[in-house]
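# Remarks on the overall topology
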Amino acid sequence: MTGATANLDNQTNVTKKTEKRKQKLSFDTLGLDPDLLATVAKAGYEKPTPVQAGLIPLALEGFDLIGQARTGTGKTAAFVLPILQLLESETDVNGPQALVLVPTRELAVQVQTEFEKLRGDLPFRCAAIYGGHSLRTQMIQLKQGLDVIVGTPGRILDHLKRGTLNPSSVTWLVLDEADRMLDIGFRPDIERILRQCPKERQTLLLSATLPAPILQIAKQYMYRPKLINFSTKSLASETIEQFYFSVAEQQKYDLLLKLLQRENPHQAIVFCRTKMGTQRLFRKLERDFDSSSVATIHGDMLQNQRDRTMKNFREGGTKILVATDVVGRGIDVSDISHIINFDIPQLSDDYVHRVGRTGRMGRQGIAFTLVTPVERNLLEGIEKRIGKPLIRVEIEGIESIDWLTSPGRRRYRRAL
């Protein structure tokens, strides 16, 4: 349970040897109840990932935990399962018992879906609370009673200010994708929410990276948290092949068309830098590629449009999704085979999160990045961040811009 201070000296670092041992575990060795084990099996989860094997037993013991792991490692189930087991089913519990904070609307829906999938016949009520949906509807849901709330900080804080959400019964608080929430400016909202929740609670913090601001939050709002580090030295998944094209700006669209035709991806996300650029590229692909299999999602769309787009993509109706970073961490679709960075991201961490949409749960994935001559410094920053070089490739019919002269880099060219 948490207090106002924390001691990060008692961190638990998971070594490679420990990870290998945990990979051999099964869910029935983690301390989960038989009903939950049956639900896990029904959901198709055969064995726990290292993150799940590491976090679930400690969470069941009541420790505050900091879990560091990249996306696609199964960390949502790692906090959903212990919360479901520990929730009180007695009717005298008044108000939400668990509050999960996430950075995006799409991720809120995904986490809620995971709760619904894994709760089986357990009589718990869960809802996603985020901006863009009817505030009145959410107020009705909160008044009727919820056991688990998954929400974005801004909308959760809005309900706290209105008095429509009483956090006094919160026993479990989860900060999911914590670094992303801080990246997009949610730190003040998060801290206001943390201060209003009971000090006697269990807090779980999940993050791909642990910058200083996150550690400061941990010290102030968590009680002697254990750090479980599942990050490898390289942030690039071994299951993702990562390539780049050196191309002139005016040839990027032609290259993209040829690439999509050649690769014929099962499902792909094409990332753009701006909302306007995303919409413009979507219209072109709708015209030139296949209008029935292309969709777009960005921040200027209404929430019901975004929900329909995501639902169709998850169900496989959409093959190519053109998106901004609004879904860089807000999507968990296991069948994504390709990530294409039509616009190279300005921040190397955004590259890591984009690419993490493929190669999930051990599956194979491919990532391509289109780089213009003026963007070579961004490419170098990405390579430094992930600890490995991207492999330069070419495609027939598109001139490759030879702006790289380093002999070391030339070794990584490859014609596909």
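A quick note: this is a predicted structure, and the numbers were derived from the prediction, not measured. Each chain has its residues counted from 1, following the order in which its sequence is written. With pLDDT at 70 or above as the cut-off, local features in this predicted model cover only qualifying residues; side-chain atom pairs require 80 or more to be listed or tallied, and sums for whole chains, interfaces and linings still use all residues. Calculated side-chain values reflect all of the structure's heavy atoms, with hydrogen atoms and water omitted.

## Some thoughts on the overall build of the protein chain
Let me state the cut-off plainly: A helix here means a DSSP run of H or I that spans at least four residues, while a strand means a run of E at least two residues long, and both kinds are numbered starting from the N terminus. Each residue's exposure class comes from its accessible area (1.4 Å probe, protein chains only) as a fraction of the maximum for that residue type: buried when under 20%, exposed when over 50%, partly exposed otherwise. We call two residues in contact whenever any of their non-hydrogen atoms come within 4.5 Å of each other. Computed with the Shrake-Rupley method and a 1.4 Å probe, the accessible areas treat only the protein chains shown as cover for residues.
When helices and strands are tallied, the protein chain shows 16 helices and 15 strands. Looking at the protein chain as a whole, 55% of its 416 residues qualify as buried. For the protein chain, contacts bridging at least 24 residues in sequence account for 77% of all contacts bridging at least 6. Accessible surface, the protein chain as shown: approximately 18,500 Å² in total, 48% of it carbon and sulfur.

## A few points about the environment of G131
Inspection of the secondary structure puts G131 in the loop between β3 (126-129) and α6 (135-144). Overall, G131 belongs to the buried group, its relative accessible area being 16%. Discounting chain neighbours no more than four positions away, the residues touching G131 are R105, T152, R155 and Q303.

## A closer look at the packing of aromatic side chains
Heads up, the rule is: Between rings of Phe, Tyr and Trp, where Trp is taken as its six-membered ring, a pair exists when centres lie within 6.5 Å; planes separated by under 30 degrees are stacked, by over 60 edge-to-face, and by other angles tilted. Either the NZ atom of lysine or the CZ atom of arginine qualifies as a charge over a ring when it sits within 6 Å of the ring centre and within 35 degrees of the ring normal.
Scanning the model with the defined rule gives 2 aromatic pairs in all. Plain terms: the ring middles of F243 and F368 are 5.5 Å apart, the flat faces sit at 25° to each other, and that makes the pair stacked. Within this pair, whereas F243 is found in strand β8 (residues 240-246), its partner F368 is found in strand β13 (residues 365-371), the two being separated by 125 residues in sequence. Comparing F243 with F368 shows no difference in burial state: the two are buried. A connected cluster of aromatic rings, assembled from ring pairs, spans F243, F245 and F368. Lying over the aromatic face of F63, K226 brings its terminal NZ or CZ to 4.7 Å of the ring centre. The aromatic ring of Y253 is capped on one face by K284, whose charged end is 5.2 Å from the ring centroid.

## Digging into the nonpolar core
As a reminder, the rule being used: Nonpolar cores are built from buried Ala, Val, Leu, Ile, Met, Phe, Trp, Tyr and Cys residues. Side-chain atoms within 4.5 Å join them into one set.
Membership of the largest hydrophobic core comes to 42 residues, with the highest contact counts inside it found for F79, L81, F115 and V150. Ignoring sequence-local partners within four residues, the contact set of L81 consists of F27, L32, L36, V40, I56 and L118. Among the nonpolar cores identified, the runner-up in size contains 31 residues, and I66, C197, A218 and M222 belong to it.

## Focus: the sheet that holds β3
Selection criterion: Any two strands between which DSSP finds at least two bridges are classified as paired. Fitting a line to C-alpha atoms yields each axis, with helices limited to the stretch in contact; the angle taken between N-to-C directions then spans 0 to 180 degrees.
The 7 strands are arranged β3-β4-β2-β5-β6-β1-β7 in an open sheet whose pairing can be described as parallel. The open sheet has two free edges, formed respectively by β3 and β7 (226-229), since each of these has just one partner strand. For this sheet, the mean angle separating the axes of adjacent strands, direction not counted, is 15°. Where strand β2 (residues 98-101) meets strand β4 (residues 148-151), 4 bridges bridge the pair, whose relative direction is parallel. Within β4, the position partnered with A98 by the bridge is V148. The sheet contacts of helix α3 (residues 50-60) involve β1 (65-68), β6 (202-207) and β7, and relative to β1 the element is tilted by about 175°.

## As for the pattern of salt bridges
Counted only if it meets this: The term salt bridge refers to a pairing of a side-chain nitrogen on Lys or Arg with a carboxyl oxygen on Asp or Glu at a separation within 4 Å.
Counted according to the given criterion, the structure contains 19 salt bridges. One salt bridge connects E249 with K252, and the closest N-O pair in it is separated by 3.7 Å. With relative accessibility at 47%, the residue E249 sits in the partly exposed group. Its salt-bridge partner being R283, residue E286 comes within 3.0 Å of it at the nearest N-O pair.

## Here we look at helix α13 (residues 303-314)
An α-helix turns once per 3.6 residues; consequently, residues spaced three or four apart project the same way. Which entries qualify depends on this criterion: Expected span of a helix: the number of residues minus one, times 1.5 Å.
Helix length check: α13, at 12 residues, gives a terminal C-alpha distance of 16 Å against a target of 16 Å (1.5 Å per residue), a fit within 8%. Looking at the packing, one finds that the buried side of α13 touches α5 (105-119), β9 (268-271), β10 (294-297) and β11 (320-323). Looking one or two residues beyond α13, the residue adopting positive phi is G316, at roughly 90°.

## Some thoughts on the confidence of the model for the protein chain
Inclusion rule: A residue's pLDDT is the confidence the predictor assigns to it, expressed on a 0 to 100 scale.
Across the protein chain, the average pLDDT comes to 84, with 85% of residues at 70 or higher. Long-range and interchain partners of residues 12-23, a stretch whose pLDDT sits below 50, account for 18 contacts in this model, where long-range means more than four residues apart.

## Structural notes on the packing of helix α14 (residues 348-355) against helix α15 (residues 376-386)
Heads up, the rule is: Note that the term roughly parallel is reserved for angles under 35 degrees, roughly antiparallel for angles over 145, roughly perpendicular for angles of 65 to 115, and oblique for everything else. Here a crossing is taken to be left-handed if its near helix is turned anticlockwise relative to the far helix by less than a right angle, and right-handed if that turn runs clockwise.
Put simply, α14 and α15 touch, their axes get as near as 8 Å, and they point 70° apart. One finds that α14 runs roughly perpendicular with respect to α15. Judged by the sense of rotation from one axis to the other, the crossing of α14 with α15 is right-handed. Contacts between α14 and α15 pair S348, D349, Y351 and V352 from the former with G381, I382, R385 and I386 from the latter.

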